[in-house]
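What follows is each chain in one-letter form.
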Amino acid sequence: MFKKRKVSFLLAMLLTFSFIPFTLSGCSKTKDNTVYINDEYGFSMEFPESWDGEFEINPYEYGLIISSELNEITTLAYIHKYTDQEWEELNYGTDLPVSYQMLEENKEDVFVLIYPGDVSYDIENEKSVKKYEEMILDLQGGNFTFELND
């Protein structure tokens with residue numbers, strides 16, 4: 001009976017640890033520095049020092065989402081990667097129903113920062129409102145860098 005428990009325990013531990021990388025890769029993680037590198041999309045972004053430990057970037061259905069769980073901000077902005085054809089079909093952005101900011105483009109893709117059309121922070125929380133306003137001003141004022149990887 002001891003051998004059976006030991007084998008079961010070892011098998012359970014092996015299965016648990018083999019799934020950790022997959023589980024963690026889907027989790028939200030606060031950035032402990034201000035540089036974000038995305039190898040899948042082929043770009044990097046550097047945010048202001050004041051953002052250190054205050055933001056997350058996570059995948060979602062249509063691209064990436066920038067948020068700040070610490071400040072109860074569900075969405076600061078979305079990062080979208082459009083193909084040239086998709087961008088053309090959006091009439092080069094004029095058909096987007098929300099505010100956006102063109103980040104950069106290459107021969108195949110267009111990168112756009114899209115701002116949410118609804119309130120995405122806790123309006124009852126003064127700290128959340130203030131931080132949202134500060135971070136949005138940083139984004140809209142271009143107080144960050146966006147670079148495509150070579």
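You'll find the structure just up there.
Quick summary incoming for the structure in this document. Numbering of residues begins from 1 in every chain and follows the order in which that chain's sequence is written. Selection of residues for local features in this predicted model requires a pLDDT of at least 70, selection of side-chain atom pairs for listing and counting requires 80 or more, and totals for whole chains, interfaces and linings are taken over all residues. The basis for every side-chain value is the complete set of non-hydrogen atoms in the structure, without hydrogens or water.

1. Description of helix 3 (residues 126–140)
Stated formally: A helix here means a DSSP run of H or I that spans at least four residues, while a strand means a run of E at least two residues long, and both kinds are numbered starting from the N terminus. To estimate the expected span of a helix, subtract one from its residue number and multiply by 1.5 Å. Relative accessibility under 20% of the residue-type maximum defines a buried residue, over 50% an exposed one, and the middle range a partly exposed one, all with a 1.4 Å probe and only protein chains included. Contacts between residues were defined by any pair of non-hydrogen atoms, one from each residue, lying within 4.5 Å. N or O atoms closer than or at 3.5 Å make up a polar contact, with two conditions inside protein: a donor-capable atom paired with an acceptor-capable one, and, for residues adjacent in sequence, both atoms drawn from side chains.
Along its 15 residues, helix 3 runs 21 Å from first to last C-alpha, staying within 8% of the 21 Å computed at 1.5 Å per residue. All of the buried residues in helix 3 are Ser128, Val129, Lys131, Tyr132, Met135, Ile136, Asp138 and Leu139. Of the surrounding secondary structure, the elements contacted by the buried residues of helix 3 are strand 4 (63–68), strand 5 (73–83), strand 6 (100–105) and strand 7 (109–114). Its side-chain oxygen placed 2.9 Å from the backbone nitrogen of Lys127, Asn125 serves as the N-cap of helix 3. Positive backbone phi, approximately 75°, marks Gly142, located one or two places after helix 3.

2. So, the sheet that holds strand 8 (residues 145–148)
This is how the line gets drawn: The rule for pairing is simple: two strands pair if DSSP sees at least two bridges between them. Working convention: axes come from line fits to C-alpha atoms, limited for helices to the stretch in contact. Angles between N-to-C directions cover 0 to 180 degrees.
Read from one edge to the other, the open sheet built from three strands follows the order 1-2-8, with strand pairing classed as antiparallel. With one partner strand each, in any of the chains shown, strand 1 (35–38) and strand 8 form the two edges of the open sheet. Sheet twist, expressed as the mean angle between neighbouring strand axes with direction ignored, is 10°. When strand 2 (residues 43–46) meets strand 8, the two strands line up antiparallel, connected through four bridges. Pairing of Phe43 across the sheet is with Leu148, part of strand 8.

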